[in-house]
Amino acid sequence: MQYTRETAISKLLDSYRAYFNIFMFEEGQKPLTAICEFFEHSEKYVLSRKAQLWEAECEEFIYLFDVEHLTYEIFEKWKNYAKEDGMKRAHIGPGHMYTYITPIFICDFCDEEARKAIKKCRIYKSFQFSLHGWMDFHTAVFEVKNNKIDTNRSGKCVKGILKNVLFQEKRRRVI
């Protein structure tokens, strides 16, 4: 299927809506279209909640950007914005396990320099020697004119999700 930037973003948001809190942005804040937040709390205890063995807080922040032509400068500017904003939203401390910050750029065309920067992007931070968890930065670009998805190394899982959402037809169940 051939997408436009708007239809690709709409399809992604529909798939994220079940698990993420989605905050949409007005036309004046382009290229940022939406921020999707996911929070998970897990814990294990014995007999009562007072006898807690462990707890884990997991968070993910996805930033959807709508860009006609992605250049290196645009990528760097909004990558830095996503990192700073994601770190402000993160709840780092005891019980924190991980935070994933994921900017996804939906564009018509992507410069080769920007594509190389996306693939080489490596941002990772541990907190108190990982006792308070870590932050990993996943980034991806979907070039709608070529139906091409590129990610950084830690964003390979994002590539799989984008492929499943954008390119998999609904499978009919055969009995």
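Here the structure is a predicted model, which is why all the values come from computation and not from measurement.

J.: I keep staring at the pattern of salt bridges and nothing clicks. Help me out?
T.: Once the charged atoms of two side chains with opposite charge are near each other, the side chains can pair. For the structure shown, the criterion picks out eleven salt bridges. The partner of Asp66 in a salt bridge is Arg5, and the shortest N-O contact between them spans 2.4 Å. Of this pair, Asp66 sits in strand E3 (residues 52-70) while Arg5 is found in helix H1 (residues 5-16), placing the two residues 61 residues apart along the sequence. For Arg5, a relative accessible area of 15% puts it in the buried group. When salt bridges with common partners are traced through the structure, they connect Glu112, Arg115, Lys119, Glu143 and Asp150 into a single cluster.

J.: I tried to follow the environment of Phe109 on my own but got confused; where do I start?
T.: Among the structural elements, Phe109 can be located in strand E4 (residues 96-110). Since its relative accessible area comes to 43%, Phe109 is described here as partly exposed. For the pair formed by Phe109 and Ile35, sequence separation is 74 residues and the distance between their alpha carbons is 22 Å. Dropping the residues within four chain positions of it, Phe109 is found in contact with Glu68, His69, Leu70, Glu143 and Lys145.

Conventions used here
Residues numbered from 1 in each chain as written. Predicted model: local features only at pLDDT ≥ 70, side-chain atom pairs only at ≥ 80, totals over all residues. Heavy atoms only, no water. Salt bridge = Lys/Arg side-chain N within 4 Å of Asp/Glu carboxyl O. Helix = DSSP H or I, 4+ residues; strand = E, 2+ residues; numbered from the N terminus. Buried < 20%, exposed > 50% of the residue type's maximum accessible area, 1.4 Å probe, protein only. Contact = heavy atoms within 4.5 Å.

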